[in-house]
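In case you want the letters, here they are:
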Amino acid sequence: MIDTHVCSFCGLQMEPGTGKMYVKKDGQIFYYCSTKCQKNHKLGRIPRRVRWTTAGRKALGKV
């Protein structure tokens, strides 16, 4: 069975062998599909307020 991960910021499914995995010192794991998602998360942006994320589209009533 292939492990698929969900991007921690935008919520999209990632194919195996793509993206980045970031592990904090406390053991928390973040998966990022692109550097765009990684940088937005590092800036402290909330995914619900960013229009192109899955959570943002759901908040706007588009999904």
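Let me sum up the structure you'll find in this document. In this numbering scheme, every chain counts its residues from 1 along its sequence in written order. In keeping with the model being predicted, local features are shown solely for residues with a pLDDT of at least 70 and side-chain atom pairs are shown and tallied solely at 80 or more, while totals for entire chains, interfaces and linings include all residues. Just so you know, side-chain values use all the structure's heavy atoms and leave hydrogens and water out.

**Some details on the pairing of strand 4 (residues 29-32)**
And step 1. Every second residue of strand 4 is oriented toward a common face, the buried set being F30 and Y32 and the non-buried set I29 and Y31.
And step 2. Strands qualify as paired when DSSP identifies two bridges or more between them. Only DSSP runs of H or I covering at least 4 residues are called helices, and only runs of E covering at least 2 are called strands; the numbering of each starts at the N terminus. Of the pairings in the sheet, the one linking strand 3 (residues 20-23) to strand 4 comprises 4 bridges and is antiparallel in character. Pairing of M21 across the sheet is with Y31, part of strand 4.
And step 3. Count of turn residues in the strand 3/strand 4 antiparallel hairpin: 5 residues, of which G27 carries a positive phi of about 95 degrees. Exposure categories follow from relative accessible area, calculated using a 1.4 Å probe and restricted to protein chains: below 20% of the type maximum is buried, above 50% is exposed, and the middle band is partly exposed.

**So, the packing of aromatic side chains**
And step 1. Working definition: rings of Phe, Tyr and Trp (its six-membered ring) pair if their centres are within 6.5 Å, and the pair is stacked with planes under 30 degrees apart, edge-to-face with planes over 60 apart, and tilted otherwise. In this structure the tally under the stated criterion is 3 aromatic pairs.
And step 2. Plain terms: the ring middles of F9 and W52 are 5.8 Å apart, the flat faces sit at 50 degrees to each other, and that makes the pair tilted. You can see F9 sitting in the loop between strand 1 (5-6) and strand 2 (13-14) and its partner W52 sitting in the loop between helix 1 (35-42) and helix 2 (54-60), a full 43 residues away along the chain.
And step 3. Looking at F9, the relative accessible area reads 3%, which means it is buried.
And step 4. Note on F30 and Y32: the rings are 6.3 Å apart at their centroids and 15 degrees apart in plane angle, and the pair reads as stacked.
And step 5. A relative accessible area of 4% means that Y32 is categorised as buried.
And step 6. Placement of a charge over a ring requires the Lys NZ or Arg CZ to be within 6 Å of the ring centre, with the centre-to-atom vector within 35 degrees of the ring normal. Cation over ring: K36 sits above W52, and NZ or CZ is 4.1 Å from the ring centre.

Keep in mind these values describe shape, not function.
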